[in-house]
Amino acid sequence: MKFLNDGDTRCGEVQYFTRLATTADDGSWEYIDVAIICNYSLPNDDLLRLSSHVILASHLLDTISVICVKQIVGVVAMIPRHMVLPSGIDGDIYCMMERPGFDVSTWGIPYNVYCDREYDDDGDDVE
């Protein structure tokens, strides 16, 4: 997921959502909704520049953050891939996909596999 951290946009993998009980100024209980996140590194600068800002590749870090759920700004998919970075580092990295499930093949022209009727090519519907 994408979230804001001190004004910067970061990516992380949610481990848990939970509520924390805290005491308010008047002594009553109030609950804060939080997410526990494993962080990804910032995107690789060289790969980002060489790909004209198309490929955002990050490493999964060993750091954990606890953030307020209101800091979450979007859902992304982090696709694992083994590759060699421009710096020569070989390893597993995660490429970010901004809109998981966004399928452009179903937009616009319907394909024959989606139509129940037979193909009509007699031209009667053309003016």
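Our structure's up above, just so we're on the same page.
In this text the structure is predicted, and so the values were computed from the model without any measurement.

Regarding the pattern of salt bridges
- Using the criterion set out here, one finds 3 salt bridges in the structure.
- The salt bridge involving Glu98 is made with Lys2; its shortest N-O contact spans 2.9 Å. Pair noted here: Glu98 is in the segment after strand E8 (90-97) and Lys2 is in strand E1 (residues 2-5), with a separation of 96 residues, a long-range link.
- For Glu98, a relative accessible area of 38% translates into the label partly exposed.
- As a salt-bridge pair, Arg49 and Asp46 come within 3.3 Å of each other at their nearest N and O atoms. With Arg49 and Asp46 both in helix H1 (residues 45-50) and 3 residues apart, this pair spans about one turn of that helix.
- On the accessibility criterion, Arg49 (54% relative accessible area) is exposed.
- Looking at Asp46, the relative accessible area reads 31%, which means it is partly exposed.

Analysis parameters
- Position numbers for residues start from 1 in each chain and track the written sequence from start to end.
- Where local features are concerned, this predicted model is filtered to residues with pLDDT of at least 70; where side-chain atom pairs are given and counted, the filter is 80 or more; whole-chain, interface and lining totals use all residues.
- Excluding hydrogens and water, the side-chain values take into account all heavy atoms of the structure.
- Basic side-chain nitrogens of Lys or Arg form a salt bridge, by our definition, when they fall within 4 Å of a carboxyl oxygen of Asp or Glu.
- The secondary structure listing takes helices from DSSP runs of H or I that are at least 4 residues long and strands from runs of E that are at least 2 residues long, numbered from the N terminus.
- Three exposure classes are used, based on accessible area relative to the maximum for each residue type with a 1.4 Å probe and protein chains only: buried under 20%, partly exposed in between, and exposed over 50%.

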